[in-house]
Amino acid sequence: MATGSRYVPIQISQMQALLEHDMGFQRADESTSWEAIWSRQVATKGGRTFPYTVKVYSSVDLRTNVSRDSGEDAIRLVLKDDVTGYAVKAAEKRVFRTKSALVNLRERARELFQEVVAGPHCPKCGALMKARRGGPGNHWFLGCSHYNPDKSWHCTGTRRVSELSVDQKVAFGIPTDTTS
Ligand SMILES: [Zn+2]
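Residues numbered from 1 in each chain as written. Predicted model: local features only at pLDDT ≥ 70, side-chain atom pairs only at ≥ 80, totals over all residues.

Side note on the overall build of the chain
Check the secondary structure of the chain and you find 3 helices and 9 strands. Moving toward the C terminus, one meets the helices and strands of the chain in the order α-β-β-β-β-β-β-α-β-β-β-α. For the chain, the C-alpha atoms occupy an extent of roughly 60 × 40 × 30 Å along the three principal directions. A total of 180 residues make up the chain; the buried ones form 21% of that total. A sequence separation of at least 24 residues applies to 42% of the contacts in the chain between residues at least 6 apart. (Helix = DSSP H or I, 4+ residues; strand = E, 2+ residues; numbered from the N terminus. Buried ≥ 20, exposed ≤ 12 C-beta atoms within 10 Å, placed from the backbone. Contact = placed C-beta atoms within 7 Å.)

Right, here's the structure in full:
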């Protein structure tokens, strides 16, 4: 392992300074946790609120107020869907506790906020979309991530692939020559 990637302990005060004072996070429910957890709902500058929360599992032990040095442990960032209660698995990120951990943590958190704000969003409910195929010709389309007929939050919103930029098609794993 290179010198620059050695484990560096992180104090709870450093987490507070970054997450609470700089980035507007608040402490989350830690009643069943050994570690300090912060969360912040995603909102744009214009005041529009999206039903998503970024949660930071800090690896800071609540008994010692310093990060626990246990091998491969990392700081984990999870994007939680506030409507379904599920984590958006594809969006999970890890930050290793090296010298640049706090800089990297800020960066990864910003990426998650940006991912939600950038969309594209469901025209019906505002949730994030997923790439799907179906219908006659098995064509590509975007379907609402809240599509689940068994749930009260079920949503059937769709968008056409032709609304996407080339970069967005790549991000969704849709062939860039798709025009439907
Ligand atoms: Zn929807």
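Points about unusual backbone geometry
A cis amide bond links Gly-119 with the next residue in sequence, Pro-120, at an omega value of 5 degrees. Tracing the sequence through the fold places Pro-120 in the loop between helix H2 (101–118) and strand E7 (129–134). You will see that Asn-138, though not glycine, has its phi angle at about 50 degrees, which is positive. Mapped onto the fold, Asn-138 is located in the loop between E7 and strand E8 (139–144).

Quick notes on H2
The terminal C-alpha atoms of H2, which comprises 18 residues, lie 25 Å apart, in line with the 26 Å expected from a rise of 1.5 Å per residue. Buried within H2 we find Ala-101, Leu-105, Ala-109, Leu-112 and Val-116. The buried residues of H2 occupy an angular sector of 70 degrees when projected down its axis, which confines them to one face. Away from its buried face by more than 90 degrees, H2 exposes Val-103, Glu-107, Arg-110, Gln-114 and Ala-118. The inward-facing, buried residues of H2 abut helix H1 (12–22), strand E2 (35–43), strand E3 (49–61), strand E5 (75–81) and strand E6 (93–95). Positive phi shows up at Gly-119, right after H2, with a value of about 70 degrees. (Expected span 1.5 Å × (residues − 1). Arc of directions from axis to C-beta.)

Looking at the domain arrangement of the chain
As far as domains go, the chain holds domain 1 (12–118) and domain 2 (129–172). Computed from C-alpha coordinates alone, the two centres of domain 1 and domain 2 are separated by 28 Å. (Domains from an automatic or database assignment.)

Regarding H1
The complete set of buried residues in H1 reads Met-15, Leu-18 and Leu-19. The buried side chains of H1 occupy one side of the element, clustering within an arc of 75 degrees when seen end-on. What points out from H1, more than 90 degrees from its buried face, is the exposed set Ser-13, His-21 and Asp-22. Buried residues along H1 sit in contact with E2, E3 and H2. Positive phi appears at Gly-24, one or two residues downstream of H1, with a value of about 75 degrees.

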